[in-house]
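Analysis of the macromolecular model
Below are the chains, spelled out letter by letter.
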Amino acid sequence: MRTGGRLDRAARVLRPAFTGVVLAALVWQLWVRRDELAVALDRISPGRLVLAALIVTVGLLPGLEGWRQLMAGLGVALSRTEAGRLYFLSSLAKYLPGGAWPIVAQAGLGLSPTLAASGFVGVALLSVLAGLVVGCAAVPQLVAEDPLWWFLPLVAAIGLAALTPPTRRAARAVAGRIRYRLSRRRTLPTAPDGPAVARTLAWLVLAWAVTGLHVAVLAGAFGPVSPAAAVGGFALAAAAGLVFFVVPGGLGARELVLGFALLPVLSVTEAVTVVTVSRFLITVGDVVAAVVAVGLHRRSQPARQLPAVQRQT
C-alpha cells in the first residue's frame, strides 16, 4: 500500500510535467515551420482548408474504433468515451522524439503497461498494413514514374497472408515462448483472436481512406487530382511515418513519401504546399480530438477503474 501511494503521488506530479512537454513539442514543431506554413496557407482557399480539416477530424474516428476493437480482443472492454480519452490523449505523445511515449502516456492515464504496449504495438503494425492496402490505390500513378512500385501490392498481400490462422498461431506460439522466458510466469496474457484483428484492420483501412481525402481536397486547389492517387499516396505516407517511429510524428518520412506521390500531378512547390498544410491540419486535428475526448469523458458517468492486468488464458 505504501508503495502504491508513492506511485500515485509520483504520477500526480509527473502527469502535468509530461503534458507540458508534449504541448511544448507541438508548439515547437509548428513554430519552426511558421514561415513555410504561412505561405502554404495563403495559397489554398479558406473553404478548402475548412473542408480538409473536417475530413481529417472525421478520419480520426475509425482509428479510435480500430484501437478499441483491438483492446476488446485483448480482453478490455472500453466505452467510447474511455477509449477516446486514452487514445487521443496518448496520441499526442507521438510528437515527442522516440516511439514509446504513447505507451507511457496510456500507462499514466490508468492502463496497465502490458496492455498499453500490446495495444500500441498491435495497432501500429495493423496501421502499417492498412496503409499498404489503401496505398495500392496509388500504384497505377506511381508505376508510371517507376515500375518498381509494382512490389507494393505484393508486400500488402504478404502482410494480409500473415494474418491467416496458421501464421497467427505460429507467431502466437513464438511470442508466448519469448514472453514466458522473459517473465518466468506460467500464465500469459491473452492475444486478440482473428475476428478482433480483422475488425481492427477494417477500421484502420477506413481511417486511412477517409483521412486521405483531405489530400485530394488540398491538391485540388492546383488542378485536377485523382482521389485514388491522393488517398493512396497519403496512406503510404502515413505507413512510412509509422515505420520511422523514432522521429516525432513520423516527421520527414511522411512528407517525403506524400510529396513523391504528388509529384506526377503537381509541381514541386505545389506538392510542398499540400504536404505542409496536411501536416498542420493533422496536428491540429490531433489536439482538437484530445480536447473534445477529455470533455466528453468528464461529462459522462464516472469511468470504471481500468484493468491493471490482462485477462489470463
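Right, let's walk through the structure included here. (Residues numbered from 1 in each chain as written. Predicted model: local features only at pLDDT ≥ 70, side-chain atom pairs only at ≥ 80, totals over all residues. Heavy atoms only, no water.)

1. Points about the overall build of the chain
Worth spelling out the cut-off: Only DSSP runs of H or I reaching four residues or more are called helices, and only runs of E reaching two or more are called strands; each is numbered from the N terminus. Any residue under 20% of the maximum accessible area for its type is buried, any over 50% is exposed, and the rest in between are partly exposed; the area is computed with a 1.4 Å probe on protein chains only. Residues count as neighbours in contact if any of their non-hydrogen atoms are within 4.5 Å of one another. The Shrake-Rupley method, run with a 1.4 Å probe, gives the accessible areas here. Residue values count only the displayed protein chains as cover.
A tally of regular secondary structure across the chain gives 13 helices and zero strands. Its helices and strands taken in sequence order, the chain reads α-α-α-α-α-α-α-α-α-α-α-α-α from the N to the C terminus. Considering the chain as a whole, with its 313 residues, one finds that 44% of them fall into the buried category. Considering only intrachain contacts with a sequence separation of at least 6, the fraction spanning at least 24 residues in the chain is 75%. Surface summary for the chain: the accessible area is close to 16,000 Å², and the carbon and sulfur share equals 70%.

2. Let's talk about the packing of aromatic side chains
Stated precisely, the cut-off is as follows: In this scheme Phe, Tyr and Trp rings, the latter by its six-membered ring, pair at centre separations within 6.5 Å, and the angle between planes marks the pair as stacked below 30 degrees, edge-to-face above 60, and tilted otherwise.
Across all of its chains, the model carries three aromatic pairs by this definition. An angle of 35 degrees between the planes, with centres 5.8 Å apart, marks the rings of W67 and Y87 as tilted. Taken as a pair, W67 in helix 3 (residues 46-73) and Y87 in helix 4 (residues 80-91) lie far apart in primary sequence, 20 residues in all. The same class applies to W67 and to Y87, which are both buried. Plain terms: the ring middles of Y87 and F88 are 5.2 Å apart, the flat faces sit at 70 degrees to each other, and that makes the pair edge-to-face. Owing to a relative accessible area of 6%, F88 belongs among the buried residues under this scheme. Joined through ring pairs, the aromatic side chains of W67, Y87 and F88 make up one cluster.

3. As for the environment of V155
Note on placement: V155 falls in helix 8 (residues 151-161). Taking the C-alpha atoms as reference points, V155 and V133, 22 residues apart in sequence, are found 9.0 Å from one another.

4. Describing the packing of helix 3 against helix 6 (residues 113-135)
Quick reminder of the rule: Every axis in this analysis is a line fitted to C-alpha atoms, fitted for helices over the stretch in contact. Angles between the N-to-C directions lie between 0 and 180 degrees. Between 65 and 115 degrees an angle is taken as roughly perpendicular, under 35 as roughly parallel, over 145 as roughly antiparallel, and anywhere else as oblique. Note on convention: the crossing is left-handed when the near helix lies turned anticlockwise from the far helix by less than a right angle, right-handed when the turn is clockwise. Amino acid classes used here: Ala, Val, Leu, Ile, Met, Phe, Trp, Tyr, Cys and Pro are nonpolar; Asp, Glu, Lys and Arg are charged; the rest, including Gly, are polar.
At a minimum axis separation of 10 Å, helix 3 and helix 6 run at an interaxial angle of 130 degrees. One finds that helix 3 runs oblique with respect to helix 6. Crossing of helix 3 over helix 6 shows right-handed handedness. Every residue of helix 6 that contacts helix 3 at W67, L70 and M71 is listed here: L115, G119, G122, V123 and L126. Here the residues of the contact of helix 3 with helix 6 sort into six nonpolar, two polar and no charged.

5. Thoughts on helix 3
Rules: Residue count minus one, scaled by 1.5 Å, sets the expected span of a helix.
Here helix 3 is 28 residues long and its end C-alpha atoms lie 42 Å apart, about the 40 Å a rise of 1.5 Å per residue gives. Among the residues trailing helix 3, G75 stands out with phi positive, at a value near 100 degrees.

6. Digging into the pattern of salt bridges
Should the charged atoms of two oppositely charged side chains come close, the side chains can pair. The line we're drawing: Salt bridges are identified by distance alone: a Lys or Arg side-chain nitrogen within 4 Å of an Asp or Glu carboxyl oxygen.
Counted under the stated rule, the structure contains four salt bridges. R80 serves as the salt-bridge partner of E65, at 3.4 Å between the closest nitrogen and oxygen. Remark: R80 occurs in helix 4 and E65 occurs in helix 3; sequence separation between them is 15 residues. Overall, R80 belongs to the exposed group, its relative accessible area being 54%. Put simply, R279 and E255 hold a salt bridge, and the shortest N to O gap is 2.6 Å. Of the two residues, R279 sits in helix 13 (residues 268-299) while E255 sits in helix 12 (residues 253-262), which places them 24 residues apart along the sequence. The burial state of R279 is the same as that of E255; both residues are buried.

7. Section: the side chain of H214
Inspection of the secondary structure assignment puts H214 in helix 10 (residues 194-219). By relative accessible area, H214 is classed as buried at 0%. In contact with H214, other than residues within four places in its own chain, are A52, I55, V56, F234, S278 and I282.

8. Here's the deal with the nonpolar core
The line we're drawing: Here, the term nonpolar core denotes a set of buried Ala, Val, Leu, Ile, Met, Phe, Trp, Tyr and Cys residues that are joined through side-chain atoms within 4.5 Å.
Counting 59 residues, the largest nonpolar core has W67, F88, L218, L266 and V274 as the members making the most contacts within it. Counting only elements with at least two residues in this core, the list comes to helix 3, helix 4, helix 6, helix 10, helix 11 (227-243), helix 12 and helix 13. The contact partners of F88, leaving out residues within four places of it in the chain, are L60, L64, A83, A289, A290 and A293. Among the nonpolar cores identified, the runner-up in size contains 10 residues, and L132, A138, A156 and L236 belong to it.

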